[in-house]
Amino acid sequence: MMPKSRSARHALITDILGRGAVRSQNELLDLLAEEGVVITQATLSRDLVDLGAVKVRQGRVLVYALPGLGGDTTPRPAPDPRFVEERIRKVCGDLLVSAVHAGNQVILRTPPGAAQYLASSLDHTPGLDIVGTIAGDDTVLLIMPGEREAAACVDRLLSLGSGA
């Protein structure tokens with residue numbers, strides 16, 4: 001459950017726009033409602049202005065995009081799901097040394113210095129049911145909703161890492 005603060009709402013909007021193409025404010029309002037956040041169109045419009053969201057062409061349609069992080073402020077729409085899957089497959093293949101779960105937690109090992117990159121890639125991969133990530137130098141801790149989801153995540157990441 002997301003808190004209803006402005007900053008939490010902005011984080012949720014950023015997450016939604018990063019996961020997939022959103023063509024209209026009505027579509028975004030529906031996606032927010034699915035996450036338990038009900039706001040007016042006027043509030044959403046102000047939030048989009050605050051976040052710097054703009055519409056950009058993606059193929060033949062216009063979709064919302066947010067500015068990049070760091071020095072790159074070029075608005076970028078959500079990546080194609082096939083690209084996201086291929087990226088996480090490559091990252092796991094290159095960086096995942098081991099993965100085990102204990103209860104609802106998943107512990108991932110990487111080469112020294114690679115944990116934060118792997119964690120960031122996982123944070124931006126839909127469908128893993130990750131509640132949160134913590135990364136050190138060579139270890140990533142994933143918090144999952146439950147033990148079943150943790151086991152499924154380990155299986156998926158290991159199969160991605162092995163190229164299966």
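Residues numbered from 1 in each chain as written. Predicted model: local features only at pLDDT ≥ 70, side-chain atom pairs only at ≥ 80, totals over all residues. Heavy atoms only, no water.

(A) Up close: helix 1 (residues 6-19). Compared with an ideal rise of 1.5 Å per residue, which puts 14 residues at 20 Å, helix 1 spans 20 Å between its outermost C-alpha atoms and is within 8% of the ideal. For helix 1, the complete set of buried residues consists of Ala8, Arg9, His10, Leu12, Ile13, Ile16 and Leu17. Of the surrounding secondary structure, the elements contacted by the buried residues of helix 1 are helix 2 (25-34), helix 3 (41-51) and strand 2 (61-67). (Helix = DSSP H or I, 4+ residues; strand = E, 2+ residues; numbered from the N terminus. Expected span 1.5 Å × (residues − 1). Buried < 20%, exposed > 50% of the residue type's maximum accessible area, 1.4 Å probe, protein only. Contact = heavy atoms within 4.5 Å.)

(B) Structural view of the nonpolar core. In this structure, Val106, Leu108, Leu118, Leu122, Leu142 and Leu157 are the most contacted members of the largest nonpolar core, which totals 22 residues. Of all the elements, helix 6 (residues 147-162) adds the most residues to this core, at five residues. Setting aside its immediate chain neighbours within four residues, Leu108 contacts Leu96, Ser98, Ala99, Leu118, Leu122, Asp138, Thr139, Val140, Leu142 and Leu157. (Core = buried A, V, L, I, M, F, W, Y, C linked by side-chain atoms within 4.5 Å.)

(C) Geometry of unusual backbone geometry. Phi is positive for Asp129, close to 60°, though the residue is something other than glycine. Within the fold, Asp129 resides in the loop between helix 5 (115-123) and strand 6 (132-135).

(D) Spotlight on the environment of Leu28. Counting through the fold element by element, Leu28 comes out in helix 2. In this structure Leu28 comes out as buried when scored by relative accessible area, which is 0%. Each C-alpha atom of the pair Leu28 and Leu17 lies 8.4 Å from the other, and the pair is eleven residues apart in sequence. Those residues within four positions of Leu28 in sequence are excluded, and the remaining contacts are Ile13, Ile16, Leu17, Val22, Leu44 and Leu48.

(E) Spotlight on the sheet that holds strand 6. In space, the four strands of this open sheet follow the order 4-5-7-6, with antiparallel pairing throughout. For this open sheet the edge positions go to strand 4 (98-102) and strand 6, each flanked by a neighbour on one side alone. Geometrically, the sheet is characterised by an average inter-axis angle of 20° between neighbouring strands, direction not taken into account. Sheet topology note: the strand 6/strand 7 (residues 139-143) ladder contains four bridges and is antiparallel. Bridging across to strand 7, Thr133 finds its partner in Leu142. (Pairing = 2+ DSSP bridges. Axes fitted to C-alpha atoms, helices over the stretch in contact; angles between N-to-C directions.)

(F) Looking closely at the packing of helix 1 against helix 2. Closest axis-to-axis distance for the helix 1/helix 2 pair is 11 Å, and the angle between their directions is 115°. When the interaxial angle is binned, helix 1 and helix 2 end up roughly perpendicular. The interaxial crossing formed by helix 1 with helix 2 has right-handed handedness. Contacts between helix 1 and helix 2 pair Leu12, Ile13, Ile16 and Leu17 from the former with Leu28, Leu31 and Leu32 from the latter. Residue classes in the contact of helix 1 with helix 2 are distributed as seven nonpolar, no polar and no charged. (Parallel < 35°, antiparallel > 145°, perpendicular 65-115°, else oblique. Left-handed = near helix turned anticlockwise from the far one by under 90°. Nonpolar A, V, L, I, M, F, W, Y, C, P; charged D, E, K, R; others polar.)

These results come straight from atomic positions and should not be treated as a statement about function.
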